[in-house]
Structure formats: C-alpha cells, structure tokens
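Fold and contact review
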Amino acid sequence: MSAAPAARPVLVAGDANVDLVLTGDVVPRFGQAEQLLDRGDLVLGGSASIAACGIARLGVPTSLVARVGDDTFGRFTTGALGDAGVSVAHVVVDRAVPTGMSVILSTPDDRAILTVPGTIPTLEPAAVLAALAATGAAHLHVASYFLQPALAAGLPDLLAAARTRGVTTSLDTNWDPAERWAGVADALPLVDVLLPNASELRALAAAAGIAGADDLELGTGLARLGPRVVVKAGADGGWSVDAAGTVTRAPGLRVDVVDTTGAGDSFDAGYLAALAHGVADEPTRLRWATAAGSLSTLGSGGTGRQATLADLDAAGVPHVPAPAASTA
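Heads up: these notes are all about the structure in this document. (Residues numbered from 1 in each chain as written. Predicted model: local features only at pLDDT ≥ 70, side-chain atom pairs only at ≥ 80, totals over all residues. Heavy atoms only, no water.)

Read from one edge of the open sheet, nine strands run 5-4-1-8-9-10-11-12-13, paired in mixed fashion. The two strands at the open ends of the sheet, each matched to only one other strand, are strand 5 (87-94) and strand 13 (247-250). Of the pairings in the sheet, the one linking strand 1 (residues 10-13) to strand 4 (residues 62-69) comprises four bridges and is parallel in character. What sits directly across from Ala 13, in strand 4, is Val 65. Against the sheet, helix 7 (residues 198-207) engages strand 9 (168-172), strand 10 (193-194), strand 11 (228-232) and strand 12 (238-241), with an angle of about 140 degrees to strand 11. (Pairing = 2+ DSSP bridges. Helix = DSSP H or I, 4+ residues; strand = E, 2+ residues; numbered from the N terminus. Contact = heavy atoms within 4.5 Å. Axes fitted to C-alpha atoms, helices over the stretch in contact; angles between N-to-C directions.)

This brings us to the pattern of salt bridges. As enumerated under the stated definition, the model contains 13 salt bridges in all. In this structure, Arg 95 engages Asp 70 in a salt bridge whose closest nitrogen and oxygen atoms are separated by 3.1 Å. Linking Arg 95 in the loop between strand 5 and strand 6 (100-106) with Asp 70 in the loop between strand 4 and helix 2 (72-83), this pair joins segments that are 25 residues apart in sequence. For Asp 70, a relative accessible area of 40% gives the class partly exposed. Across the salt bridge formed by Arg 228 and Asp 242, the nearest N and O atoms sit 4.0 Å from each other. Taken together, the positions of Arg 228 in strand 11 and Asp 242 in the loop between strand 12 and strand 13 put the pair 14 residues apart, joining distant regions of the chain. Via salt bridges that share partners, Arg 228, Asp 242, Glu 282 and Arg 285 belong to a single interconnected network. (Salt bridge = Lys/Arg side-chain N within 4 Å of Asp/Glu carboxyl O. Buried < 20%, exposed > 50% of the residue type's maximum accessible area, 1.4 Å probe, protein only.)

Where helix 1 (residues 47-57) meets helix 9 (residues 263-276), the axes come as close as 8 Å, and the angle between the chain directions of the two elements is 45 degrees. In terms of orientation, helix 1 and helix 9 fall into the oblique class. You can see that helix 1 and helix 9 cross each other, and the crossing is right-handed. Facing helix 1, whose interface residues are Ser 47, Ile 50, Ala 51, Gly 54 and Ile 55, helix 9 presents Asp 265, Ser 266, Ala 269 and Leu 272. (Parallel < 35°, antiparallel > 145°, perpendicular 65-115°, else oblique. Left-handed = near helix turned anticlockwise from the far one by under 90°.)

With that settled, the discussion passes to helix 3 (residues 125-135). Those residues of helix 3 that sit buried are Pro 125, Val 128, Ala 131 and Leu 132. Projected down its long axis, helix 3 shows its buried positions confined to an angular sector of 120 degrees, all on one face. Facing away from the buried side of helix 3 by over 90 degrees, the exposed positions are Ala 126, Ala 133 and Ala 134. For helix 3, the secondary structure elements touched by its buried residues are strand 1, strand 4, strand 5, strand 8 (139-143), helix 4 (149-153) and helix 5 (155-164). (Arc of directions from axis to C-beta.)

Moving on: the packing of helix 9 against helix 10 (residues 282-296). Direction vectors running N to C along helix 9 and helix 10 enclose 145 degrees, while the axes themselves pass 7 Å from each other. When you trace helix 9 past helix 10, the crossing you get is right-handed. In contact with Ala 263, Ser 266, Phe 267, Gly 270, Tyr 271, Ala 273, Ala 274 and Leu 275 of helix 9, helix 10 contributes Glu 282, Arg 285, Leu 286, Trp 288, Ala 289, Thr 290, Ala 292, Gly 293 and Ser 296. Looking at the contact of helix 9 with helix 10, its residues break down into ten nonpolar, five polar and two charged. (Nonpolar A, V, L, I, M, F, W, Y, C, P; charged D, E, K, R; others polar.)

If you want it as structure tokens, here you go:
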C-alpha cells in the first residue's frame, strides 16, 4: 500500500502568553470583598499559540513565530508549546519586555478577558517573512490582529509576499479592544480564509462598509472582498460562505462544557489542519473545525483538551482518506 501524503507544514504568527483561568463566582465585587472561586489554572494563552497547538495535535508540522519575555512566564510558554509539538525555533526571547498575560474570568456560557500586552505587540512582519523562508511552510495563519499594531500595519505586504511564494493564508482578527476595526479591509483581498465569530463578523463588515439583512449577507459581502469566510457559532457549530454565496453548515458536538477559553482557536485549528491534510470538500473541513472547537471545551484553558485525529474518528468525523492500495 502507498503511504498517505504528509500534511503540509503550517506557520502561525501572533501572540504567545500565559492565561490565568478562573472559574466559579468570577464576577468581581469591589470594596475589598474577597471571593472564593472553584478553580484557577495557569495555562498557555494567546490565540496564535492555542491555534498552533491545536494544529500540531491534529498531526500537522507546525511552527510558531512570536515573542516572549526573558521571564518565568516566557519559559512556561515556550515549554508548553514544545510539549504540544509546536516548533519554537522562531519564538524570540525579548530581554527587556515581559511576557504578556491574560486573566480570564470564565463561566460555562461566557468569559471576560483582562490582558497585559507585554511582548504581544512587538512582533514585526520581517520576523514572519524570515520564519516563512526558514520553515518552508505551505500555509500562514495570523491571529490577534488588533493586539499587534506593527504586524497589522505590514500585513498586506506580508500576505502579498506569502502569496508570491505560493503560500495560502488565513486570518483570525479576534476582538478589537478599541472597537475601531480599522485596517483589516486592506488585507482581506490577500487572505484565503477569514475566521471570525458572529460578533467579529458584524463588526468587520460594518468597518468595510458592508450592509446586510443578516449574518449570511454580511459574510457573503466580506467573501466578495477575497477570502472564504468561516464563522464560529459556539454550541451551534459553524458555517462558511464563499464569494458566490454558497453556504456550508456543520453542527457542534454536544458536550459537557468545562471552559470555553480558546474554543474558537481550536475551531481554527480543526479547519486549518483539514486544509493541511488535503481535505478537499468544505463540509468535511467544517466538521473538523466544529468538532475540534467543541472537544476543546472539555478541559480548562485553551489547550487542556484539544482534539487529536483519534478524537475526530471517535466523534464520527470523516478522517483523512485511507491510502489507496498499490497496483504495482
């Protein structure tokens, strides 16, 4: 029998930091009131880092380009990435700026995020281009656009350079803390896959001057700018639309949710891993995404319970096709 083709390597660019995830009665009450919580976990954070770990766990050679500080949190971050199978050869240690940190107040249905940026905003396009050349990646995924002003300013040129190399691209902007949503529209013609949630979809469409009666019209309008738009819909799974208005939908898995932190990044990982493995049909790619997002909520933090290929099999999600029998 011939061997199954190897997955194409992926480079992820963006944020690398720690998350302190608190669960229980997490709504703060000031006035020096002390609250007892159910649980606290120090875990790997950052949309890019969580997505990279999720892609690697699904059997794809994965590298991360990012920056961390020369501190305990930076060493924790690079150690966790390496343990997940992500190459950290292009994670730069900054001797002057501390590693970023987020405190996540998590409930089963929602969460609030408090972030100290640290090294997160210091990644620059030149470092990503160098990592692309060194890794030979076939796909570039960029995350946390609005937390990285230097990377955002150079993103159109970076994506154009990737395209000239034959590298496909994807973007998960995440939420804009300033709620201005500026600049993304300039990059979208050079993005192959845009991965927003529903709230981000509406904000990005408004910023691009796109009007519509519903999310589908907004997604189609964004797709006409260039990318396939793949939208996360929480417990309902997700859907995608292309420039022609062709819609694909996939449900989520019904699971007992522990923590939703990073579920959207694991959704990204499922979709991008399917692309890397050569999954050609959109319904199957979307099922990888919704299953990976759902399964990630079974553990605390973004990487505590990310899916493997065996998990997708167990959930009934179509796998990479079996190798064909040799006719030799």
